[in-house]
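# Architecture and fold: a report
The residues making up each chain are set out below.
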Number of protein chains: 2
Amino acid sequence: MSNLEVDDERVEAKPGEDSTEQVVSYVRALIERGRLRPGDRLPAERELATQIGVSRPTVRAGLRALAAMGVVQSRHGSGTYIPDGPPTLATEPLSFLAALHGFTRDEMYEARRILEVGAAGLAAGRATPEQVATLAEEVASLFASMNEPQVFLVHDINFHRAVALASGNPIVASLVEMVSALYYERRRVTAERASDRDLRDAAEAHRRIYQAIRSRDPEGARAAMNEHLNQARDYQAQESGAASDVVEPRAAAMPAVTPAASERGGSRRRSGAR
Amino acid sequence: MSNLEVDDERVEAKPGEDSTEQVVSYVRALIERGRLRPGDRLPAERELATQIGVSRPTVRAGLRALAAMGVVQSRHGSGTYIPDGPPTLATEPLSFLAALHGFTRDEMYEARRILEVGAAGLAAGRATPEQVATLAEEVASLFASMNEPQVFLVHDINFHRAVALASGNPIVASLVEMVSALYYERRRVTAERASDRDLRDAAEAHRRIYQAIRSRDPEGARAAMNEHLNQARDYQAQESGAASDVVEPRAAAMPAVTPAASERGGSRRRSGAR
DNA sequence: ACGGCAAAGTGGTATTACCTCATGATGGCG
DNA sequence: CGCCATCATGAGGTAATACCACTTTGCCGT
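Keep in mind that this is a model prediction, so the values were computed, not measured.

With that settled, the discussion passes to the overall build of chain A. Within chain A, the secondary structure is distributed over eleven helices and two strands. Its helices and strands in sequence order give chain A the pattern α-α-α-β-β-α-α-α-α-α-α-α-α, from N to C terminus. Contacts in chain A between residues at least 24 apart in sequence constitute 74% of all its contacts with a sequence separation of at least 6. When the accessible surface of chain A is split by element, carbon and sulfur atoms take 50% of a total near 12,600 Å².

Listed below in structure tokens is the structure:
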């Protein structure tokens, strides 16, 4: 009778909460009460079902939702776990958002600049010796892989993630991670186009950021990161020339879409979707 | 026979992709090909099931996952839709992350500062007349509700969201929205403690931010936002006194939870959960 | 012509049965 | 005696089916 139930003070059925949401709430309650912590395994699905009083497919739907949020992680045959390690946000949602609303490359660089310039500033004030060492390694790897764009890209991302982690702020780190992932996802397919000169400049830029952080110079780190991202954006703009900027619709493409919408649903657009 | 299928070029079964993920991929494909746009309704669950070739519970699990990511939104009896309006990220994931890792209030303010200072700077350069007008209204509402902390809080958040929106960068706006929601969720329960003086100062601070944006003064806007958030953080620290800072575990709280974990599963913690 | 009612369509849930995979125990073989 | 292979157990993964609940719409009666 291993008790991982919520015991007293039932969790059940806030009004207007369907069964699937109950599952999410239940797990949330377990987490908030400290019964579930990173690395722990959740009760089996069948057990959860009886505990909460819903069917197993419902439990599964709830767990899928949690998995999509990155809160849990299922391993076939083993169980459902809460990921340990540093806090991480799921990156898929942002990716979908990008596909739906057609984020431009410039918007991505802008977002990265805001986040990462701030992160670099914090890192310069707080990075631990180990974190500084990690940064040094990544910089070295960058210089070492200038003839392998794909490998270079990996270390590029790793460096930026390391900076975010060194900021000491898990929220900022999570956000950087999320946006970086979106960047990486796109960049991966175009990485080959980067010129040798660009890679060399990029490596140098990373080195300058590293040095500023190492010398505990927040303003220098911010400036270096800012310059680096602006430069990277400009380089990439040249690579693609006057070609594709937007990856998805946005408003252009498909001249007359509005009529098509009414064709296939009948339900007219609601303006207040919230 | 309204065709919302993917037609040629089947989407089916990338290796290592379970059925539920197929559902997500399928919807993603529909989106990326422009067959689904904000405001549209997805095919019925039963129809999706036959199209993809999986059972309905599986489809439901996939749709739940998408809903958790904020990509879709189901309305009982009506259908499943893609939300329209400005791009928005789900806020629950961050909330869970906060519960799991015990984000502190200072970390939240720090993250907000980084994001919103950047957003304010952008907004000062780009805000449309309508957006400026919205900001003005919210400032007015702030001054008007200084004796109703809960109402004040709502306009407070609205102002910050409006600034983020005025930044013209949907990615930044989404991120601000997400972090603000976390802030709001917590602040709501302690809003009553705010002193009249604090609210007045806060209203003034918002006015300064507004004025800087209106005068197209990016540096001024950044400075005003920075100062505002620092001040707000300090005020709130006073309110709670030397009391509770961390809301959740982090490492403290609950002396012996570990043994309970081994009781109920037998499987010892894996360190490399990733 | 208007308002209420009924039918169809759609998401929501429960049941049941089976499959696949991971894990640990167990027994045979070296 | 110890190592390795095999099997039993349990957990997640999926399918099929039957109903329920809500929403919407259009028809019918007033």
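Neighbouring DNA strand C are 27 residues; S19, S55 and H76 of chain A together with R56 and R60 of chain B lie closest to it. Among the atoms of DNA strand C close to the protein, meaning within 4 Å, 60% are from sugar or phosphate groups. In this structure, a phosphate oxygen belonging to DNA strand C sits 2.9 Å away from a main-chain N or O atom of E45 of chain B. A distance of 2.7 Å separates a phosphate oxygen of DNA strand C from a polar side-chain atom of R60 of chain B. Residue assignment for the surface near DNA strand C shows that the elements contributing at least two residues are α1 (19–32) and α3 (56–69) of chain A together with α2 (45–52), α3 (56–68), β1 (73–75) and β2 (79–81) of chain B.

A few words now on the protein's contact with DNA strand D. Neighbouring residues of DNA strand D: 26 residues in total, closest E45, R56 and R60 of chain A together with S19 and T58 of chain B. Of all DNA strand D atoms lying within 4 Å of any protein atom, the proportion belonging to sugar or phosphate reaches 63%. In this structure, a phosphate oxygen belonging to DNA strand D sits 3.0 Å away from a main-chain N or O atom of S55 of chain B. Breaking the surface near DNA strand D down by element, the ones donating at least two residues are α2 (45–52), α3, β1 (73–75) and β2 (79–81) of chain A together with α1 (19–32) and α3 of chain B. Its residues assigned to classes, the surface near DNA strand D shows four nonpolar, 13 polar and nine charged.

Following the criterion strictly, the structure yields 29 salt bridges over all chains and no others. With a shortest N-O distance of 2.9 Å, E45 of chain A and R60 of chain A are connected by a salt bridge. With E45 of chain A in helix α2 and R60 of chain A in helix α3, this pair connects stretches of sequence that are 15 residues apart. Exposure remark for R60 of chain A: the relative accessible area of 31% places this residue in the partly exposed category. The closest approach of N and O atoms between R233 of chain B and D234 of chain B, which form a salt bridge, is 3.2 Å. One connected set of salt bridges, linked through shared partners, spans R28 and E32 of chain A together with E185 of chain B.

Our focus in this paragraph is the environment of L199 of chain A. Residue and element names in this part refer to chain A. Tracing the chain through its elements places L199 in helix α9 (residues 196–214). The buried category is assigned to L199, whose relative accessible area is 7%. Taking C-alpha positions, L199 is 6.1 Å from M146, a pair spaced 53 residues apart along the chain.

The two copies are related by a screw operation: chain A maps onto chain B through 180° of rotation and 0.0 Å of translation along the axis, at an RMSD of 0.0 Å. A rotation of that kind, with that shift, is consistent with a two-fold axis. Interface overlap between copies: 95% of the residues of chain A at the interface are likewise at the interface in chain B, consistent with a symmetric, same-surface contact.

All names here are of chain B. By the element assignment, R187 lies in helix α8 (residues 170–187). Taking the relative accessible area as the measure of exposure, R187 reaches 9% and is therefore buried. If sequence neighbours within four positions are ignored, R187 has contacts with L153, A194, Q236 and E239.

Another aspect to go through is the packing of aromatic side chains. Across all of its chains, the model carries two aromatic pairs over all chains by this definition. When the centroid spacing of 5.7 Å and the interplanar angle of 70° are considered together, the rings of Y109 of chain A and Y183 of chain A count as edge-to-face. Of the two residues, Y109 of chain A is situated in helix α5 (residues 105–126) and Y183 of chain A in helix α8 (residues 170–187); the sequence distance between them amounts to 74 residues. The same class applies to Y109 of chain A as to Y183 of chain A, namely buried. Just above the ring of F96 of chain B sits the side chain of R28 of chain A; from NZ or CZ to the centre is 4.6 Å. Looking at R112 of chain A, its charged tip hangs above the ring of Y183 of chain A, at a distance of 4.3 Å from the centre.

What follows deals with the nonpolar core. Among the nonpolar cores identified, the biggest contains 92 residues, and L175 and I213 of chain A together with L175 and I213 of chain B are the most heavily contacted of them. Core analysis: the second largest hydrophobic core is formed by 48 residues, Y26 and V71 of chain A together with V59 and A68 of chain B among them.

Residue and element names in this part refer to chain A. Of all residues in chain A, 82% have pLDDT values of 70 or greater, and the mean over the chain is 85. This model gives residues 1–13 a pLDDT under 50, and the stretch forms 24 contacts once residues within four places in sequence are excluded. Scored below 50 in pLDDT, residues 250–274 makes 26 contacts in the model with residues more than four places away or belonging to other chains.

All names here are of chain B. Two elements in contact, helix α4 (residues 92–101) and α8, have axes whose closest approach is 9 Å; the angle formed by their N-to-C orientations is 55°. Classified by the angle between their axes, α4 and α8 sit oblique to one another. Note on packing geometry: the crossing formed by α4 with α8 is right-handed. Contact residues: α4 offers L94, S95 and A98, while α8 offers M178, V179, L182, E185 and R186. Here the residues of the contact of α4 with α8 sort into five nonpolar, one polar and two charged.

Moving on: the interface of chain A and chain B. Counting from both sides, the interface comprises 80 residues of chain A and, opposite them, 78 residues of chain B. Summing the contributions of chain A and of chain B, the shared interface buries around 7,100 Å²; its carbon and sulfur component is 61%. At the boundary of chain A and chain B, one finds six salt bridges. One can count twelve residue pairs in polar contact (both at pLDDT 80 or more) joining chain A with chain B. Elements supplying a minimum of two residues to the side of chain A that touches chain B: α1, α3, β1, α4 (92–101), α5, α8 and α11 (258–265) of chain A. Looking at the side of chain A that touches chain B element by element, the count peaks at ten residues for α5 of chain A. Broken down by class, the residue content of the side of chain A that touches chain B amounts to 41 nonpolar, 15 polar and 24 charged.

Calculation criteria
Residues numbered from 1 in each chain as written. Chains lettered and ligands numbered in written order. Predicted model: local features only at pLDDT ≥ 70, side-chain atom pairs only at ≥ 80, totals over all residues. Heavy atoms only, no water. Helix = DSSP H or I, 4+ residues; strand = E, 2+ residues; numbered from the N terminus. Contact = heavy atoms within 4.5 Å. Areas by Shrake-Rupley, 256 points an atom, 1.4 Å probe, with all protein chains shown as cover. Near = heavy atom within 4 Å. Polar contact = N/O pair within 3.5 Å; in protein donor to acceptor, adjacent residues only side chain to side chain. Nonpolar A, V, L, I, M, F, W, Y, C, P; charged D, E, K, R; others polar. Salt bridge = Lys/Arg side-chain N within 4 Å of Asp/Glu carboxyl O. Buried < 20%, exposed > 50% of the residue type's maximum accessible area, 1.4 Å probe, protein only. Least-squares fit on C-alpha atoms with pLDDT ≥ 70 in both. Phe/Tyr/Trp six-rings, centres within 6.5 Å; stacked < 30°, edge-to-face > 60°. Lys NZ or Arg CZ within 6 Å of the ring centre and 35° of its normal. Core = buried A, V, L, I, M, F, W, Y, C linked by side-chain atoms within 4.5 Å. pLDDT = per-residue confidence, 0-100. Axes fitted to C-alpha atoms, helices over the stretch in contact; angles between N-to-C directions. Parallel < 35°, antiparallel > 145°, perpendicular 65-115°, else oblique. Left-handed = near helix turned anticlockwise from the far one by under 90°. Buried area = accessible area lost by both parts, 1.4 Å probe.

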